[in-house]
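Geometric and topological summary
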Amino acid sequence: MVSLSVSNQAPGVSALRSSARVLRLCFVEARPAVLAVSTLRFMTGAVLALPVSPVPEPAKVLQGATAWVLSIFAIYLLNGVTDVTEDRVNGSGRPIARGDLAPRAAAAVAAVAAGLSIAATTGLPPALTWIVGLNLVLGYLYSAPPFHLKSGSAGTVMVLCASGLLSYWGGLTAVTGGESLSTPTGLIVFAVAATCWMTFVGVPAKDLSDIEGDAAAGRRTIAVTCGERRSRHFMYVAALTLAAALGVAVVFFRVPLAGVCLAMVTGTVAVIAAGRSAAKGGSDQQRRPYRAFMATQHLVHITALISNI
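Here goes a summary of the coordinates provided. Counting starts from 1 at the beginning of each chain's written sequence and moves along it residue by residue. Whole-chain, interface and lining totals are the exception, using all residues; otherwise, since this is a predicted model, local features are given only for residues with pLDDT of at least 70 and side-chain atom pairs are given and counted only at 80 or more. By convention in this description, side-chain values take in all heavy atoms of the structure and omit both hydrogens and water.

Considerations on the packing of helix 3 (residues 58-82) against helix 5 (residues 103-119)
Helix axes are fitted to C-alpha atoms over the stretch in contact, other axes to C-alpha atoms as well, and angles between N-to-C directions run from 0 to 180 degrees. Strands are runs of DSSP state E lasting at least 2 residues, helices are runs of H or I lasting at least 4, and numbering of each runs from the N terminus. Two elements in contact, helix 3 and helix 5, have axes separated by 8 Å at closest approach and are oriented at 155 degrees. Taken together, the axes of helix 3 and helix 5 are roughly antiparallel relative to one another. Handedness of the helix 3/helix 5 crossing: left-handed. Contact with helix 3, carried on its side by A67, L70, S71, F73, A74, L77, L78 and V81, involves P103, A106, A107, V109, A110, A113, A114, L116 and S117 of helix 5 and no other residues of that element. Every angle not falling under 35 degrees, over 145, or within 65 to 115 is termed oblique; those three ranges are roughly parallel, roughly antiparallel and roughly perpendicular. The crossing is said to be left-handed when, going from far helix to near helix, the turn is anticlockwise and less than a right angle, and right-handed when the turn is clockwise. Throughout, a contact is declared for two residues whenever any of their heavy atoms are within 4.5 Å.

A closer look at the pattern of salt bridges
Here, a salt bridge means any side-chain nitrogen of Lys or Arg that lies within 4 Å of a carboxyl oxygen of Asp or Glu. Here the structure, examined in full by the defined rule, presents 4 salt bridges. With its nearest N and O atoms 2.5 Å apart, the salt bridge here joins K150 to D83. Residue K150 is located in the loop between helix 6 (126-143) and helix 7 (153-176), and its partner D83 is located in the loop between helix 3 and helix 4 (84-89); the two are separated by 67 residues in the primary sequence. Three labels apply to residues, based on accessible area from a 1.4 Å probe with only protein chains included: buried if under 20% of the type maximum, exposed if over 50%, partly exposed otherwise in between. Take K150: its relative accessible area is 2%, and that puts it in the buried class. Linking E228 and R232 is a salt bridge whose minimum nitrogen-to-oxygen distance equals 2.6 Å. Separated by 4 residues within a single helix, E228 and R232 lie in helix 11 (residues 228-253), roughly one turn from each other.

What about helix 7?
Across its 24 residues, helix 7 extends 35 Å between first and last C-alpha, which sits within 8% of the 34 Å expected from 1.5 Å per residue. Two residues or fewer past helix 7, G177 is found with a positive phi of approximately 75 degrees. A helix is expected to reach a length of 1.5 Å times the quantity of its residues less one.

Shown next as structure tokens:
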């Protein structure tokens, strides 16, 4: 009798464990660091919107952040499904590239996550549903055929800029209910600076370690078309220009972002140092500029949150 009970339960337990494993691998494929910084972007938009906000409802802000991150999760899963060729050439250790996660299973989870991201906006301002929906459309255009906007740097920059700005707009909308007639200057300055950092520093930083795979997949990134050396120099100039521009904007507009400016200057130094180190090293060192860029993203947003709450 006992053995019969265990036998009846075993298939269900096995299916549950298999599903849990697939979800865990999907989480890894979607890049926890990216999901974390996506949450920080939305929450920073919310916090910097407080000067023009009525009394905010924390539960609705968290609900909006959940919807936003679910859309990012779906987008990065789809990107992993469509990046198998170049990821394997580049030696990526993510689950799909190494064969631990079936692309079809990941695509199914991505589709469910996309639907849940829209459903999660129920009860929130209608504008937030449009923001999340537009983000999903951008993600599809970026990764899926026949569009493949990721195949060139121009398409990549366009999608990243739009998605980055949408994240801050989403935070603003969640706090103000979509009824604010003005956007705080501090939020505008921060959103523009952080989005430009994500695109003009992040794109070349990531491309440096992916040149071989991107070329094999026919992608026309900056690093593929201009070479590794010019791509690195573009990254240096972009980082220095953005750090200087943010400093000027903080002084000119008198916004409380001095700490953020210091964090970006620190990140600029780290990115340049990592780039110089990568120029002398192997494939693992080529990832250092991207790691420095990503760490700077986290530092800049955490600084903004702490100094403005």
